[in-house]
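# A closer look at the structure
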Amino acid sequence: NAGVTQTPKFRVLKTGQSMTLLCAQDMNHEYMYWYRQDPGMGLRLIHYSVGEGTTAKGEVPDGYNVSRLKKQNFLLGLESAAPSQTSVYFCASSPQGARQPQHFGDGTRLSIL
Amino acid sequence: AQSVTQLDSQVPVFEEAPVELRCNYSSSVSVYLFWYVQYPNQGLQLLLKYLSGSTLVKGINGFEAEFNKSQTSFHLRKPSVHISDTAEYFCAVSGAFSGGYNKLIFGAGTRLAVHP
């Protein structure tokens, strides 16, 4: 009963390096989301997807790219990491509909030096 | 625009005491309301939700919340807290403003610290 799985759990990068965060869900949900969590700011939506092959920008998309080639996977990429991207990143998924709660992974703690 | 305000950033409380975490929202359309809990180094877990019907909703771990439409509030309560309730709590709202996806607007969070 995995739910939403994020890899890796921790990562340290140097400024300018690139990396990809992977999110996988086994609940057959249509919608998937990437958030970042910073102290005192709650969760802010980076990008989201309403189905396989679709992606869209959220509140804070700059510096990130995403892809959803398979329904169960949602990838978040940082092409050239910056210290301002140091954060905890959460992936979530949900069925379609505003009444549906989102299900979250355990997060990826990313530090950019 | 829609927004969620959690009125307390931190709430210290002694074990077995009652607690209330306050949440107010602003929206011009009907909303659905959620409380999530985040234990240290974990993701967010759904505590309870209000979709429609009875304004008092019960959740996991003995928590409950009351939806008050006139006050635009959705306060979370527990009559007697345990040390294990120490966590961060997030209020969130979704609704007809979703614009094609399940847009969820979060408050900034309230850190509940339960002391022995």
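To keep things clear, this report deals only with the structure shown in the data block. Please read these numbers as outputs of a predicted model, since none were measured by experiment.

### Description of the pairing of strand E1 (residues 3–6) of chain B
Residues and elements named next belong to chain B. The alternating pattern of E1 places Val4 and Gln6 on a buried face and Ser3 and Thr5 on a face that is not buried. The pairing of E1 with strand E4 (residues 23–26) spans 4 bridges and is antiparallel. The partner of Ser3 across the bridge, within E4, is Ser26.

### Comments concerning the nonpolar core
By size, the foremost hydrophobic cluster in this structure holds 55 residues, and its most contacted members are Tyr33, Trp34 and Cys91 of chain A together with Trp35 and Ala92 of chain B. Not counting the four nearest positions on each side in its chain, Ala92 of chain B is found in contact with Val4, Phe34, Tyr36, Leu104, Ile105, Phe106 and Gly107 of chain B.

### Focus: the pairing of strand E11 (residues 108–112) of chain A
Within a regular beta strand, the side chains point alternately toward one face of the sheet and then the other, so they alternate between its two faces. Residues and elements named next belong to chain A. Here strand E2 (residues 10–13) runs beside E11; their pairing, made up of 4 bridges, is parallel. Among the inter-strand pairings, Val12 is bridged to a residue of E11, identified as Ser111. Pairing of strand E9 (residues 87–94) with E11 involves 3 bridges; the strand directions are antiparallel. Bridge pairing in E11 links Ser87 to Leu110.

### Here's the deal with the interface of chain A and chain B
When the parts of a complex come together, some accessible area is lost, and that lost area is often taken as the interface size. On the side of chain B, 21 residues touch chain A, which itself brings 19 residues to the contact. Counting residues per element, the ones that place at least two in the side of chain A that touches chain B are strand E5 (43–49) and E9 of chain A. Within the side of chain A that touches chain B, the residues separate by chemical class into 9 nonpolar, 8 polar and 2 charged.

### A short note on unusual backbone geometry
Only a minority of non-glycine residues have a phi that is not negative, and only a minority of peptide bonds are not trans. Residue Pro8 of chain A is bonded to the preceding Thr7 of chain A through a cis peptide linkage, with omega at -5°. Locating Pro8 of chain A in the fold gives a position in the loop between strand E1 (4–7) and E2. Look at Glu16 of chain B: it is not a glycine, yet its phi comes out positive at around 75°. Relative to the assigned elements, Glu16 of chain B resides in the loop between strand E2 (10–14) and strand E3 (19–21). Since 12 C-beta atoms lie within 10 Å of it, Glu16 of chain B is described here as exposed. The phi angle at Asn41 of chain B is positive, at roughly 60°, despite the residue not being glycine.

What counts as what
- Residues numbered from 1 in each chain as written.
- Chains lettered and ligands numbered in written order.
- Predicted model: local features only at pLDDT ≥ 70, side-chain atom pairs only at ≥ 80, totals over all residues.
- Buried ≥ 20, exposed ≤ 12 C-beta atoms within 10 Å, placed from the backbone.
- Helix = DSSP H or I, 4+ residues; strand = E, 2+ residues; numbered from the N terminus.
- Pairing = 2+ DSSP bridges.
- Core = buried A, V, L, I, M, F, W, Y, C linked by C-beta atoms within 7 Å.
- Contact = placed C-beta atoms within 7 Å.
- Nonpolar A, V, L, I, M, F, W, Y, C, P; charged D, E, K, R; others polar.

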